[in-house]
Amino acid sequence: MNLDTPLRLGVAGLGTVGTALVRLIDRHGNDLAIRCGRPIAVTGVSARNRNRDRGVDVSGATWFDDPVALARAPGTDVFVELMGGAEGAAADSVAAAIEAGKHVVTANKALLAAHGNELARAAEKNGVSLNFEAAAAGGIPIIKTLRESLAGNTVSCIYGILNGTSNYILTRMEQDKLSFEDCLAEAQRLGYAEADPTFDIGGHDAAHKLALLTAIAFGTEVDAESIYVEGISSIRTADIEAADELGYRIKLLGVAARSESGIEQRVHPAMVPKSSTIARIDGVTNAVALEADFVGQLLLSGPGAGGEATASSVMSDIADIARGDRMGTFGRPASALEPYRRAAMRAHEGGYYVRLSVYDRPGAFAAIARRMADKGISLESIVQRRRAPKSAAPGHLVPVEPQPVIMITYETTEAAIREALDTIRADGHIAEEPQMIRIEELG
Ligand code: HSE
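Please read all numbers here as calculations on a predicted model, not as lab measurements.

Visitor: How should the sheet that holds strand β4 (residues 78–81) be read in this particular structure?
Guide: Backbone-to-backbone hydrogen bonds pair the strands of a sheet. The strands run either parallel or antiparallel. On the basis of which strands lie adjacent, the open sheet formed by 6 strands has the order β3-β2-β1-β4-β5-β6 and parallel pairing. At either end of the open sheet lies a strand with only one pairing partner, and these are β3 (62–63) and β6 (130–131). Sheet topology note: the strand β5 (residues 103–106)/β6 ladder contains 2 bridges and is parallel. In the sheet register, valine 105 faces β6, and the bridge partner there is asparagine 131. Lying over the sheet, helix α1 (residues 16–36) contacts β1 (7–12), β2 (40–46) and β4, oriented at roughly 150° with respect to β2. Against the sheet, helix α11 (residues 307–323) touches β1, β2, β4, β5 and β6, its axis set at about 165° to β5.

Structure follows, in structure tokens:
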């Protein structure tokens, strides 16, 4: 490596993150050259539309219509992939860059969740870096923390708020009483959401990130397919209000934990105690907490989305390459990653919040409680909320309306609660699909 010559970046994708990266290099170029020991320059760019005004000057860089050509170009030292998407141009150009012996920096969690194992092996074979700090939790330096700072630890569990858009929506629904749709539109306007926001609200974006964190934290191959995923679209104002009254907040959590039968990976809305640190992580902020044997408990929080925060992480990966620092993609040689062994979701143990819409007739309440008891589920509380009855037209009976019933269980298993809800559904006492939210008693 010649430390006098610039490190030449080929940047593919000039959206929110790509333009922020160009601005960052413009603003901090001098400091970066000193810190890294060599200048860093954007010498090639590629994006869908050449003529769009992006508010940054890339006229000094060579334009490539085809990102694969940029990835292979002799003038590219590092291919910076900021296009997104698990397949297509992103996958083709990253593979082409590695094949051509170029280092790769990417913010693309979907790509790595789908193809991380083979890309890590290819990077190793070709002697190049494949860095992805920006792919998990935006501006939070969790990848470096796991790969480098915690190298001397065994991690037993890692969890967090990994999707800024979902956390933004849940926070605004709770604090400002806004509708789900208005909050989502706002998150899109602010540049937090994925190109397809169902990735955010369906929990898939958080699952992609969790898959990457699991691989590094537990030294296993990436296995996003094995993650149990539920998003936030079933969360109603009634749940947010009930959580508040019961002393909880609802957060979309990603959790990976080692158990006797393997590693549990799950993404779903969870009730967390208001007193817990994670409950206070609001808006687009992300947080990652972990437990490891020597360091104990650790929590990192910061902006999980947005151009500048994500560009900050992209730059940290570029700086490593400029300095000549190399690491196995997932913190160890790809050949040393162990096969992922999945712990069954049905074996998950915890407390549950259940909201049912129950036909108000004699015995319904008792029948529901009996079904729970039949599965060995002990109830901490069961509350029926009487809705104000509608007034009937003169000469007509008041219609019988289903009433909300809210239950909190003591610790039980996922299998038991699911079986109990199946029998309750089959009994015909409830008017709509039961709502079930797992309770996480975090500190
Ligand atoms: N759409 C993502 C989020 C962006 O909302 O967290 C960062 O990955």
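That shown, we press on.
Visitor: Would you mind going over the site of the ligand with me for this structure?
Guide: As a structural note, the neighbourhood of the ligand is formed by Lys109, Asn163, Gly164, Thr165, Tyr192, Ala193, Glu194, Asp200, Asp205, Lys209, Gly304 and Ala305. Tyrosine 192 has a polar backbone atom sitting 2.7 Å from a nitrogen atom of the ligand. In the complex, 94% of the free accessible area of the ligand, which totals 250 Å², lies under the protein chains.

Visitor: How should unusual backbone geometry be read in this particular structure?
Guide: Positive phi, normally seen in glycine, also occurs at alanine 137, with a value near 65°. Within the fold, alanine 137 resides in the loop between β6 and α5 (142–149). Its identity is not glycine, yet lysine 177 carries a phi of approximately 55°, on the positive side. With a relative accessible area of 64%, lysine 177 lands in the exposed category.

Visitor: Any chance you could explain the nonpolar core here in plain terms?
Guide: Nonpolar side chains tend to gather and get buried jointly when the protein is soluble and globular. The biggest cluster of nonpolar side chains holds 76 residues, and the ones touching the most others in it are Ile142, Leu146, Ile158, Leu213 and Phe330. Counting residues per element, this core draws most heavily on helix α9 (residues 204–218), which supplies 10 residues. Once residues within four sequence positions are removed from consideration, leucine 146 is found in contact with Ala151, Ile158, Leu213, Ile216, Ala217 and Leu290. Listed in part, the 32 residues of the second largest apolar core include Val11, Val80, Ala311 and Ile321.

Visitor: Would you explain the side chain of threonine 409 in this entry?
Guide: Along the chain, the position of threonine 409 falls in strand β15 (residues 403–409). On the accessibility criterion, threonine 409 (2% relative accessible area) is buried. Sequence-distant contacts of threonine 409, defined by excluding residues within four places in its chain, comprise Gly350, Gly351, Tyr352, Met372, Ile377, Ser378, Leu379, Glu380 and Ile417.

Visitor: Which parts of the structure should I look at to understand the packing of α1 against α11?
Guide: When two helices pack together, their arrangement is given by the angle between the helix axes and the distance between those axes. Between α1 and α11, the least distance of the axes is 9 Å, while the angle of their chain directions is 40°. Looking at the two axes, α1 sits oblique to α11. Where α1 crosses over α11, the handedness of that crossing is right-handed. Side by side, α1 and α11 meet where Thr16, Val17, Ala20, Leu21, Arg23, Leu24, Ile25, Arg27, Leu32, Arg35 and Cys36 of the first sit next to Gly307, Glu308, Thr310, Ala311, Ser312, Val314, Met315, Ile318, Ala319, Ala322 and Arg323 of the second. Of the residues in the contact of α1 with α11, the class split is 13 nonpolar, 4 polar and 5 charged.

Visitor: I tried to follow the domain arrangement of the protein on my own but got confused; where do I start?
Guide: The accessible area lost on association of the parts is a frequent measure of interface size. Examined at the domain level, the protein breaks down into domain 1 (7–137), domain 2 (142–303) and domain 3 (348–439). Relative placement of domain 2 and domain 3: their C-alpha centres are 28 Å apart. Every contact between the two is made by 18 residues of domain 2 and, on the other side, 13 residues of domain 3. Taking both partners together, domain 2 and domain 3 bury about 1,200 Å²; carbon and sulfur atoms supply 53% of that area. The largest contributions to the domain 2 side of the interface with domain 3 come from Asp239, Leu246 and Met271, which together make up 34% of the buried area.

Visitor: How should the pairing of β1 be read in this particular structure?
Guide: Note on strand geometry: in a regular strand, side chains alternate between the two faces of the sheet. Burial analysis of β1 places 5 of its 6 residues in the buried class, the great majority of the element. Across 6 bridges, the pairing between β1 and β2 is parallel. Residue pairing in the sheet places leucine 9 in a bridge with valine 42 of β2. Viewed along the sheet, the connection from β1 through α1 into β2 turns out right-handed. Pairing of β1 with β4 involves 4 bridges; the strand directions are parallel. What sits directly across from leucine 9, in β4, is valine 78.

Reading the values: rules and limits
Residues numbered from 1 in each chain as written. Predicted model: local features only at pLDDT ≥ 70, side-chain atom pairs only at ≥ 80, totals over all residues. Heavy atoms only, no water. Pairing = 2+ DSSP bridges. Helix = DSSP H or I, 4+ residues; strand = E, 2+ residues; numbered from the N terminus. Contact = heavy atoms within 4.5 Å. Axes fitted to C-alpha atoms, helices over the stretch in contact; angles between N-to-C directions. Near = heavy atom within 4 Å. Polar contact = N/O pair within 3.5 Å; in protein donor to acceptor, adjacent residues only side chain to side chain. Areas by Shrake-Rupley, 256 points an atom, 1.4 Å probe, with all protein chains shown as cover. Buried < 20%, exposed > 50% of the residue type's maximum accessible area, 1.4 Å probe, protein only. Core = buried A, V, L, I, M, F, W, Y, C linked by side-chain atoms within 4.5 Å. Parallel < 35°, antiparallel > 145°, perpendicular 65-115°, else oblique. Left-handed = near helix turned anticlockwise from the far one by under 90°. Nonpolar A, V, L, I, M, F, W, Y, C, P; charged D, E, K, R; others polar. Domains from an automatic or database assignment. Buried area = accessible area lost by both parts, 1.4 Å probe. Right-handed = clockwise from strand over helix to strand, strands pointing away.

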